[in-house]
Amino acid sequence: MDAGQFRALIQPGADAESCPARNVLDRIGDKWTVLLLAAMAEGPRRFSELHRMVPDISKRMLTQTLRGLERDGLATRRVYSTKPPSVAYALSPLGETVLGPLGGLLGWAAENFIAIRAAREKFDAEDEWSGYAG
């Protein structure tokens, strides 16, 4: 993909509602979404399983993220009539289609993690604005 194709995809000047890239990436680009999609890649998971797999997510944020994935058609929620009732979340067919691109991005992150960390450390050590928060 060349620069012009990237530019066309982000639709400069469009708002987030009408730009497919911004609209969808608002969901997919969230760190919790990426981690939860990866956690569900091998099959359905109960809420507590997902929470154990991503322990630094709050239960509230886990619930919100799962509801967003359901709303976008990327995940399904199934309630089992046990006592107490149990719930399992799984990728929908649409959600499974994101695993290929997501796997590429996660692989890239793993391959470049050390180089990126080194670049951050170098930047922070040399940058006169390293304490700048804005």
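Placed above this text is the structure.
Keep in mind it's a predicted model, so treat the numbers as computed, not measured. (Residues numbered from 1 in each chain as written. Predicted model: local features only at pLDDT ≥ 70, side-chain atom pairs only at ≥ 80, totals over all residues. Heavy atoms only, no water.)

(A) Inspection of the overall build of the chain at higher detail. Counting secondary structure elements, the chain contains seven helices and three strands. Here the C-alpha radius of gyration of the chain, 18 Å, is well above what a compact globule of 134 residues would show, namely 14 Å. With the principal axes as the frame, the chain shows a C-alpha extent of 60 × 35 × 30 Å. Looking at the chain as a whole, 25% of its 134 residues qualify as buried. Considering only residue pairs separated by 6 or more positions, the chain has 38% of its internal contacts joining residues 24 or more positions apart. Of the roughly 9700 Å² that the chain leaves accessible, carbon and sulfur atoms contribute 57%. Of the charged side chains in the chain, 17 are positive and 17 negative; the average position of the first set lies 12 Å away from that of the second. (Helix = DSSP H or I, 4+ residues; strand = E, 2+ residues; numbered from the N terminus. Rg over C-alpha atoms; globule rule 2.2 N^0.38 Å. Buried < 20%, exposed > 50% of the residue type's maximum accessible area, 1.4 Å probe, protein only. Contact = heavy atoms within 4.5 Å. Areas by Shrake-Rupley, 256 points an atom, 1.4 Å probe, with all protein chains shown as cover. Lys, Arg positive; Asp, Glu negative; His and termini not counted. Charge placed at Lys NZ, Arg CZ, Asp CG, Glu CD.)

(B) Quick look at the layout of surface pockets. The volume enclosed by the largest pocket comes to roughly 570 Å³. As for the largest pocket, its lining consists of 21 residues, and the residues nearest its centre are V24, L25, R27, I28 and G29. Listed by contribution, the elements that provide at least two residues to the lining of the largest pocket are α2 (20-28), α6 (93-97) and α7 (99-126). Taken together, the residues of the lining of the largest pocket sort by class into 13 nonpolar, three polar and five charged. Looking at the second largest pocket, its volume works out to about 160 Å³. Mapped by element, the contributors of at least two residues to the lining of the second largest pocket are α4 (47-53), α5 (59-71) and β3 (86-91). (1 Å grid on protein atoms, 1.4 Å probe; cavity = no way out; pocket = protein on both sides within 12 Å on 5 of 7 lines; lining within 4 Å. Points joined across faces, edges and corners; volume = space filled by probe spheres on them. Nonpolar A, V, L, I, M, F, W, Y, C, P; charged D, E, K, R; others polar.)

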